[in-house]
Amino acid sequence: MFPKTLLTRLLNIQYPLIQAPMSPLTTPELVANVSNAGGLGTIAAARMTGEQLKNEINRIRSLTDKPFGVNLFIPPNQSEISSQAIDSVRKQLKELLLDKRLNNCNIDIDLLRVELPRDLFPEQIEVVLNEKVSVLSFTFGCLSEDIIKNCKQLGIRLVGTATTTKEAIFLKERGCDAICLQGSEAGGHRGSFLTNDIEAIEQSTIGLQSLLSQTTQFIDPTSYPLIAAGGIMDGLGLANALISGASAVQMGTRFLTCHESTKLVPEPHRKLLLEAKNDINKLRPTVLTRAYTGKPARGIQTVITDFFCASENKAKVILPWQVQSQLVLPLCKFAAETKQVDFMQLWAGQNYARCANQSAATIVNQVIEQARDVLKC
Ligand SMILES: Cc1cc2nc3c(=O)[nH]c(=O)nc-3n(C[C@H](O)[C@H](O)[C@H](O)COP(=O)(O)O)c2cc1C
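Named according to an unreviewed UniProt entry, the chain is Nitronate monooxygenase originating from Rotaria sordida. Of the chain, the UniProt comment under Cofactor (unreviewed entry) reads exactly: "FMN".

Printed below as a string of structure tokens:
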């Protein structure tokens, strides 16, 4: 038996290990197998319609009778998209394609449609409530008072994401049952919401150890569950987080190369993550970038991240969240299909060189065994 923590008791799970939702790269098999192994699997539902989410929940319920979570993005306040800014980004992308070759690419940047995305959140929440899922985690903000009340009435546990201590206090005061503290090492999007997307890169990039230590000065970790995320790849990371006050860890990047993820993670992305561990020359840096989606996110440096990185004399125009991606992702998708890795979207946390080709259950078991060794429990 692994020692119980506040979070394992709260969620009724065996181990203090959560598989991070990774939209759109999380398969139902991954979620179910992590839950079956004693952790908490999480559906990355951000881009799903209500119907897709319902089907996903049913599929996972056919694979496990253990608790699992659903993760959603809090929707932004939609604002008009400036046509001048869209034209600037189209022009920039054409410059990029002239300068750096994306071979055999016939995509006409001028023909790519840009529109305000459909708000899927109301239908997603309806399914979460109807299906009475065990855990609802969310990022980029907080749920409304009404939704929080409805979830509480149904016994749905709420986990918010914070990238600063201020955000953690904000989420706790609004009634979250636990907070996931996301250190700046983390792969994928930063969950920041008390700063805007531009400030977030500069003001909210606190490493996990500092974020956890600072937060435990204001939130007592012996009576309120904190979850540590960012750069945790093994049992040492889990043990360290538990010693530092966390009640569990949330791991994303480590699960990107597991067997259950091969269907959704493009092969060149998987290869880059796996080959870094044996060859220092293949260990590429990761960067926090708004290049792909308009929101800060961590991934491996590419031609696209370099291009949109504001240089001293020529800052680039970047469109807002959910709009920038409509022009950039078609290029990334083509690059993935044709294995031109420098133009791909390669989400990864800073500690990705510890990725391995294993099953999800092996990862959970190894992490727990190693933590047990370190903690002598
Ligand atoms: C590919 C990828 C996609 C992600 N998508 C989501 C998401 O949909 N929702 C969310 O709350 N967090 C998302 N995250 C962030 C994770 O919840 C978590 O903070 C992060 O994976 C932890 O750092 P690590 O990747 O170093 O383990 C994503 C992370 C990755 C790597």
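Chemist: Looking at this model, I keep getting lost on the environment of Thr165. Mind explaining?
Modeler: Along the chain, Thr165 falls in helix α7 (residues 165-173). Sequence separation of Thr165 and Leu212 is 47 residues, and the distance between their C-alpha atoms is 8.3 Å. Excluding its chain neighbours within four sequence positions, the residues that come into contact with Thr165 are Leu211, Gln214, Thr215 and Phe218. Only 2.7 Å separates the side chain of Thr165 from the side chain of Gln214, close enough to count as a polar contact.

Chemist: What is the right way to look at the sheet that holds strand β6 (residues 178-182) in this model?
Modeler: Adjacent strands of a sheet form backbone hydrogen bonds with each other and so pair up, either parallel or antiparallel. Strands sit in the order β1-β9-β8-β6-β5-β4-β3-β2 across an open sheet of 8 strands; the sheet is parallel. In the strand order of this sheet, the two ends are held by β1 (17-19) and β2 (41-44), each with one partner. The average angle at which neighbouring strand axes cross in this sheet is 25°, direction not considered. Strand direction decides the pairing type here: β1 and strand β9 (residues 248-251), joined by 3 bridges, are parallel. Its bridge partner being in β9, Gln19 is matched across the sheet by Met251.

Chemist: Even after reading the chapter, I still don't get the domain arrangement of the chain, so can you show me in this structure?
Modeler: The figure often quoted for interface size is the accessible area lost as the parts come together. According to the domain assignment, the chain contains domain 1 (6-77 + 119-260 + 354-375) and domain 2 (83-116 + 263-343). The straight-line distance from the C-alpha centre of domain 1 to that of domain 2 is 26 Å. Contact with domain 1, which involves 27 residues of that partner, is made by 19 residues of domain 2. In total, domain 1 and domain 2 occlude about 2100 Å² of area from one another, counting both sides; carbon and sulfur atoms represent 64% of this. On the domain 1 side of the interface with domain 2, the three residues burying the most area are His189, Asp197 and Ile201, jointly 25% of the side's total. A salt bridge links Asp197 to Lys295, with the shortest nitrogen-to-oxygen separation between them at 3.0 Å. Viewed at the interface, domain 2 and domain 1 are joined by 9 residue pairs in polar contact (both at pLDDT 80 or more). Of all the elements in the fold, those that place two or more residues in the side of domain 1 that touches domain 2 are β7 (188-189) and α8 (197-203). Top element by residues in the side of domain 1 that touches domain 2 is α8. It accounts for 4 residues. Taken together, the residues that form the side of domain 1 that touches domain 2 break down as 13 nonpolar, 9 polar and 5 charged.

Chemist: Please explain helix α2 (residues 28-36) as it appears in this structure.
Modeler: Three or four residues apart is the spacing at which side chains of an α-helix point the same way, because the helix has 3.6 residues per turn. All of the buried residues in α2 are Pro28, Leu30, Val31, Ala32, Val34 and Ser35. Against β1, β2, α3 (50-63), β3 (68-73), α11 (253-256) and α15 (360-375) lie the buried residues of α2. Just downstream of α2 lies Gly38, where phi reads positive at about 110°.

Chemist: Please explain the pattern of salt bridges as it appears in this structure.
Modeler: If the charged atoms of two oppositely charged side chains come close together, the side chains can form a pair. Scanning the model with the defined rule gives 15 salt bridges in all. For Glu131, the salt bridge identified is with Lys54, shortest N-O distance 4.0 Å. Of the two residues, Glu131 sits in helix α5 (residues 121-131) while Lys54 sits in helix α3, which places them 77 residues apart along the sequence. The class of Lys54 is partly exposed, set by a relative accessible area of 37%. Across the salt bridge formed by Asp342 and Arg284, the nearest N and O atoms sit 3.1 Å from each other. Residue Asp342 is located in the loop between α14 (324-337) and α15, and its partner Arg284 is located in the loop between α12 (267-275) and β10 (286-289); the two are separated by 58 residues in the primary sequence. Given the relative accessible area of 25%, Arg284 is considered partly exposed. One connected set of salt bridges, linked through shared partners, spans Glu29, Arg59 and Lys263.

Chemist: Help me understand the sheet that holds β10 in this model?
Modeler: In spatial order, the strands read β7-β11-β10; together these 3 strands make up an open sheet with antiparallel pairing. Two strands bound the open sheet, and with one partner strand each, they are β7 and β10. Across 4 bridges, the pairing between β10 and strand β11 (residues 297-300) is antiparallel. From the neighbouring strand, Leu288 faces β11, where its bridge partner is Arg298.

Chemist: It is not clear to me how the pairing of β11 should be interpreted in this structure. Could you clarify?
Modeler: Each regular strand displays side chains that alternate between the two surfaces of the sheet. In this structure, β7 lies alongside β11, joined through 2 bridges in antiparallel fashion. Each residue of the ladder has a partner; that of Gly188, found in β11, is Arg298.

Chemist: What exactly am I supposed to notice about the site of the ligand here?
Modeler: Around the ligand, the structure places 21 residues, and the nearest of them are Pro21, Asn71, Gly231, Gly252 and Thr253. Between the ligand and the protein, one listed contact pairs a nitrogen atom with a side-chain N or O atom of Asn71 at 2.8 Å. In isolation the ligand exposes 590 Å². Once the protein is present, 97% of that is buried. Mapped onto the shell around the ligand, the elements with two or more residues apiece are β3 and β9. Split into classes, the residues belonging to the shell around the ligand amount to 9 nonpolar, 12 polar and no charged.

Criteria and cut-off values
Residues numbered from 1 in each chain as written. Predicted model: local features only at pLDDT ≥ 70, side-chain atom pairs only at ≥ 80, totals over all residues. Heavy atoms only, no water. UniProt positions renumbered as here; feature names shortened; annotations may be inferred. Helix = DSSP H or I, 4+ residues; strand = E, 2+ residues; numbered from the N terminus. Contact = heavy atoms within 4.5 Å. Polar contact = N/O pair within 3.5 Å; in protein donor to acceptor, adjacent residues only side chain to side chain. Pairing = 2+ DSSP bridges. Axes fitted to C-alpha atoms, helices over the stretch in contact; angles between N-to-C directions. Domains from an automatic or database assignment. Buried area = accessible area lost by both parts, 1.4 Å probe. Salt bridge = Lys/Arg side-chain N within 4 Å of Asp/Glu carboxyl O. Nonpolar A, V, L, I, M, F, W, Y, C, P; charged D, E, K, R; others polar. Buried < 20%, exposed > 50% of the residue type's maximum accessible area, 1.4 Å probe, protein only. Near = heavy atom within 4 Å. Areas by Shrake-Rupley, 256 points an atom, 1.4 Å probe, with all protein chains shown as cover.

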